[in-house]
Amino acid sequence: MGPVSAIKKGFEVAGKNWGLIVVLFLLNFFSGVMGGPLKAVQEDASIGMIFLGIATVIFFLLLSVFIQAGLLGCIKEAIKDGQTKIGNMVALGKKYFLRLLGLTLLIGLIVVLLAIFSGGGLLLLRGDGGGIFLRSVGMFISILFGVLAICAAIALFYSPYILVVDDCPVIGSMRKSIDFIKRFLGKALGTVVVVLLAIIVASIVLAVLLIPLAFLTGSSEEPSGLFQFIGNILGGGLNAYLGIIGMAAFMSLYMGLTVEKEQS
């Protein structure tokens with residue numbers, strides 16, 4: 001299986017399981033609603049508002065991981081059986097939630113720490129004291145840890161899909177993801193690139209289609225409330241549709257390549 005076959009499978013899964021798209025659309029919509037408390041924290045940095053902002057972030061993180069766990073479980077069923085029951089999502093979410101949460105936090109910690117070290121190198125690079133030597137060291141540190149952060153993100157990208165497909169623990173999914181990237185780097189990155197290109201092209205097409213709507217609603221210079229509402233609905237629906245396609249494509253690629261490898 002290659003990137004094209006994986007993308008085709010992604011479209012097939014999305015086309016037969018609109019319930020998954022609706023769930024992801026609602027999650028994206030809810031994320032916009034959750035932005036209200038965070039904006040309020042910026043305007044009022046009192047202790048109570050700060051706690052509200054932290055609670056909002058934690059709640060949305062837990063909710064999004066739970067829904068992602070359910071979606072990935074349902075997509076796994078859809079790839080194997082063609083269709084899935086949306087009613088299975090809660091049970092599948094419970095099954096994978098804790099492991100997926102641990103994986104998300106661990107990968108996030110690794111990437112953030114590497115990014116912090118890279119930022120520390122930038123501080124040395126921009127410092128006034130220390131001369132050319134410290135600046136050279138700062139540049140080396142910044143580039144080194146920046147590259148390591150990118151490599152870590154790539155190497156661990158397929159971990160959530162592997163965790164669900166193979167029903168394995170957190171560390172096991174990370175190890176398998178690294179091994180998968182080593183063996184199939186071209187196909188793995190190629191699928192990611194194709195999905196990103198599809199998102200870019202679809203976003204451009206949507207923006208072009210919305211231009212006549214801007215004139216019809218009298219918002220060619222300043223967007224009206226109606227135009228923003230319609231744009232948000234269409235954009236959210238498109239993102240949800242492409243999101244399910246992407247998840248199904250990545251999971252299909254892993255399942256297809258590992259099955260082919262075992263058979264060979």
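Being a predicted model, the structure only gives us computed values, none of them experimental.

## Here's the deal with the pattern of salt bridges
Part 1 of the reasoning: A complete count under the given rule lists six salt bridges for this structure.
Part 2 of the reasoning: Between K95 and D167 there is a salt bridge; the shortest N-O distance is 3.8 Å. On the criterion of sequence distance, the pair formed by K95 in helix 4 (residues 89–126) and D167 in the loop between helix 6 (159–165) and helix 7 (170–183) is long-range, its members being 72 residues apart.
Part 3 of the reasoning: Its salt-bridge partner being D167, residue R99 comes within 2.8 Å of it at the nearest N-O pair. Of this pair, R99 sits in helix 4 while D167 sits in the loop between helix 6 and helix 7, and the two are 68 residues apart along the sequence.
Part 4 of the reasoning: Overall, the relative accessible area of 22% leaves R99 in the partly exposed class.
Part 5 of the reasoning: Given a relative accessible area of 36%, D167 falls into the partly exposed group.

## With respect to the environment of K9
Part 1 of the reasoning: Structurally, K9 can be placed in helix 1 (residues 3–16).
Part 2 of the reasoning: With 241 residues separating them in the primary sequence, K9 and F250 have C-alpha atoms 9.6 Å apart.
Part 3 of the reasoning: Those residues in contact with K9 that lie beyond four places of it in its chain are I79 and S252.

## Brief notes about helix 1
Part 1 of the reasoning: Here helix 1 is 14 residues long and its end C-alpha atoms lie 20 Å apart, about the 20 Å a rise of 1.5 Å per residue gives.
Part 2 of the reasoning: Those residues of helix 1 lying buried are A6, I7, K9, G10, V13 and A14. The buried residues of helix 1 all sit within an arc of 160 degrees when viewed along its axis, so they share a single face. With respect to the buried face of helix 1, the exposed residues turned more than 90 degrees away are V4 and K8.

## What about the packing of aromatic side chains?
Part 1 of the reasoning: Tallying each qualifying case throughout the model produces 13 aromatic pairs.
Part 2 of the reasoning: A network of ring pairs unites the aromatic residues F157, Y158, Y161, F180, F184, F250 and Y254 as a single cluster.

## Overview of the nonpolar core
Here is a general trend for soluble globular proteins: nonpolar side chains tend to be buried in one another's company.
Part 1 of the reasoning: With 59 residues, the main nonpolar core has L71, I75, Y158, F180, I244, M247 and M251 as its most contacted residues.
Part 2 of the reasoning: Breaking this core down by element, the ones donating at least two residues are helix 1, helix 2 (18–43), helix 3 (47–81), helix 4, helix 6, helix 7, helix 8 (185–216) and helix 9 (225–263).
Part 3 of the reasoning: Top contributing element to this core by residue count: helix 9, with 14 residues.
Part 4 of the reasoning: If we ignore the near neighbours within four places in the chain, the residues touching I75 are L20, I244, M247, A248 and M251.

## Focus: the side chain of S173
Part 1 of the reasoning: Along the polypeptide, S173 turns up in helix 7.
Part 2 of the reasoning: For S173, the side chain forms a polar contact with the main-chain oxygen of V170, separated by 2.6 Å.
Part 3 of the reasoning: Beyond its immediate chain neighbours, meaning those up to four positions away, S173 contacts L103, S159, I162, L163 and C168.

## Some points on empty space enclosed by the protein
Part 1 of the reasoning: Within the structure shown, the criterion is met by one cavity of 30 Å³ or more.
Part 2 of the reasoning: If you add up the space inside the largest cavity, you get close to 40 Å³.
Part 3 of the reasoning: Forming the walls of the largest cavity are I7, V194, V195, A198, I199, L242, I245 and G246.
Part 4 of the reasoning: Contributions of two or more residues to the lining of the largest cavity are made by helix 8 and helix 9.
Part 5 of the reasoning: Looking at which element gives the most residues to the lining of the largest cavity, the answer is helix 8, with four residues.
Part 6 of the reasoning: Looking at the lining of the largest cavity residue by residue, the class counts come to seven nonpolar, one polar and no charged.

## Describing the confidence of the model for the chain
Caution applies to low-pLDDT parts of the model: their predicted coordinates are not meant to be read in detail.
Part 1 of the reasoning: Scored by pLDDT, the chain comes out at a mean of 83, with 81% of its residues at no less than 70.
Part 2 of the reasoning: Looking at the elements of the chain, mean pLDDT is at its lowest for helix 2, recorded as 76, and at its highest for helix 6, recorded as 95.

## Some words on a nonpolar patch on the surface
Part 1 of the reasoning: Side chains of I47, I50, F51, I54, I58 and L62 sit close together on the surface and give an oily, nonpolar patch of about 570 Å² of accessible area.
Part 2 of the reasoning: With respect to the secondary-structure elements, I50 resides in helix 3.
Part 3 of the reasoning: What makes I50 partly exposed here is its relative accessible area of 36%.

Here is what the cut-offs are and how they apply
Residues numbered from 1 in each chain as written. Predicted model: local features only at pLDDT ≥ 70, side-chain atom pairs only at ≥ 80, totals over all residues. Heavy atoms only, no water. Salt bridge = Lys/Arg side-chain N within 4 Å of Asp/Glu carboxyl O. Helix = DSSP H or I, 4+ residues; strand = E, 2+ residues; numbered from the N terminus. Buried < 20%, exposed > 50% of the residue type's maximum accessible area, 1.4 Å probe, protein only. Contact = heavy atoms within 4.5 Å. Expected span 1.5 Å × (residues − 1). Arc of directions from axis to C-beta. Phe/Tyr/Trp six-rings, centres within 6.5 Å; stacked < 30°, edge-to-face > 60°. Core = buried A, V, L, I, M, F, W, Y, C linked by side-chain atoms within 4.5 Å. Polar contact = N/O pair within 3.5 Å; in protein donor to acceptor, adjacent residues only side chain to side chain. 1 Å grid on protein atoms, 1.4 Å probe; cavity = no way out; pocket = protein on both sides within 12 Å on 5 of 7 lines; lining within 4 Å. Points joined across faces, edges and corners; volume = space filled by probe spheres on them. Nonpolar A, V, L, I, M, F, W, Y, C, P; charged D, E, K, R; others polar. pLDDT = per-residue confidence, 0-100. Patch = residues over 30% accessible without salt bridge, like charges linked within 9 Å, V, L, I, M, F, W, Y side chains within 5 Å. Areas by Shrake-Rupley, 256 points an atom, 1.4 Å probe, with all protein chains shown as cover.

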